[in-house]
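A structural walkthrough
Chain by chain, the residues:
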Amino acid sequence: MKRLRNKPGPLPKHALRTNILRFQPSQISLDVAVSDPASESLPESPLEPLTRLMATLTHRAATRPPGSYTTKLLDGGAEKIGGKIREEAEELIEAVGEDGEEGRQHAIYEAGDLIYHTLVMLAYRGITLDEVAAELARREGVSGLAEKAARKN
Ligand SMILES: N=c1c2ncn([C@@H]3O[C@H](COP(=O)(O)OP(=O)(O)OP(=O)(O)O)[C@@H](O)[C@H]3O)c2ncn1[C@@H]1O[C@H](COP(=O)(O)O)[C@@H](O)[C@H]1O
């Protein structure tokens, strides 16, 4: 079995949310950060790490910092990233075939790898997660079978 990346730990403490109020008396512009106690106490949505990861990858694509695995992938282009996507998809398929809870946990781990590399591909092509979500929203409620039949007509 492949070396496992760090075991999942507690989610990073989410950043203090603030509202920025801008006052513009005559020519003076002042930004004031006001903490919002209501939003601070909100639990993080389970999908927020995905959004944060996409923001990190988009930043990596724009800045290509050295010492970053993502930068290495991005510099290798669609071919390099695509190769990893294929490899990780195979590993997920294998893991899904493994028995028991251990196999299930392995599949979760491999799905993480596949999703990470897929998001790197999106960042490489300048595609946002919102755009993909919008595409999925557009498809919502239309069965794949119905969609395929419509294409054949
Ligand atoms: N989520 C991930 C993530 N998931 C998987 N990986 C890496 O993806 C690679 C998976 O490839 P393999 O399992 O095939 O391991 P490998 O054989 O060593 O990989 P290769 O050298 O053959 O490509 C490993 O190097 C993993 O560490 C990830 N690398 C980074 N991230 C996230 O991306 C952020 C930015 O990372 P850097 O750009 O590297 O700083 C990190 O803070 C993380 O949040």
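Residues numbered from 1 in each chain as written. Predicted model: local features only at pLDDT ≥ 70, side-chain atom pairs only at ≥ 80, totals over all residues. Heavy atoms only, no water.

As recorded in an unreviewed UniProt entry, the protein chain goes by Phosphoribosyl-ATP pyrophosphatase and comes from Neorhodopirellula pilleata. The protein chain has a UniProt comment under Catalytic activity (unreviewed entry) that states "1-(5-phospho-beta-D-ribosyl)-ATP + H2O = 1-(5-phospho-beta-D-ribosyl)-5'-AMP + diphosphate + H(+)". According to UniProt, the comment filed for the protein chain under the heading Subcellular location (unreviewed entry) is "Cytoplasm". (UniProt positions renumbered as here; feature names shortened; annotations may be inferred.)

**Things to note about the packing of helix H3 (residues 69-96) against helix H4 (residues 100-125)**
At their nearest, the axes of H3 and H4 sit 8 Å apart, and the two run at 150° to each other. The orientation of H3 with respect to H4, classified from their angle, is roughly antiparallel. Two packed elements cross with a definite hand, and for H3 against H4 that hand is left-handed. A breakdown of the residues in the contact of H3 with H4 according to their chemical character gives 17 nonpolar, seven polar and five charged. (Axes fitted to C-alpha atoms, helices over the stretch in contact; angles between N-to-C directions. Helix = DSSP H or I, 4+ residues; strand = E, 2+ residues; numbered from the N terminus. Parallel < 35°, antiparallel > 145°, perpendicular 65-115°, else oblique. Left-handed = near helix turned anticlockwise from the far one by under 90°. Nonpolar A, V, L, I, M, F, W, Y, C, P; charged D, E, K, R; others polar.)

**Some points on a negative patch on the surface**
Taken together, the side chains of Glu90, Glu94, Glu98, Asp99 and Glu102 define an acidic patch exposed on the protein surface. Among the structural elements, Glu102 can be located in helix H4. (Patch = residues over 30% accessible without salt bridge, like charges linked within 9 Å, V, L, I, M, F, W, Y side chains within 5 Å. Areas by Shrake-Rupley, 256 points an atom, 1.4 Å probe, with all protein chains shown as cover. Salt bridge = Lys/Arg side-chain N within 4 Å of Asp/Glu carboxyl O. Lys, Arg positive; Asp, Glu negative; His and termini not counted. Charge placed at Lys NZ, Arg CZ, Asp CG, Glu CD.)

**A word on the pattern of salt bridges**
Enumeration according to the criterion identifies eight salt bridges in this entry. Across the pair Glu101 and Arg104 runs a salt bridge whose closest N-O atoms are separated by 3.1 Å. On the criterion of helical spacing, the pair formed by Glu101 and Arg104 is a turn pair, its members being three residues apart in helix H4. A residue is classified by how much of its surface remains accessible, and Arg104, at 49% relative accessible area, is partly exposed. (Buried < 20%, exposed > 50% of the residue type's maximum accessible area, 1.4 Å probe, protein only.)

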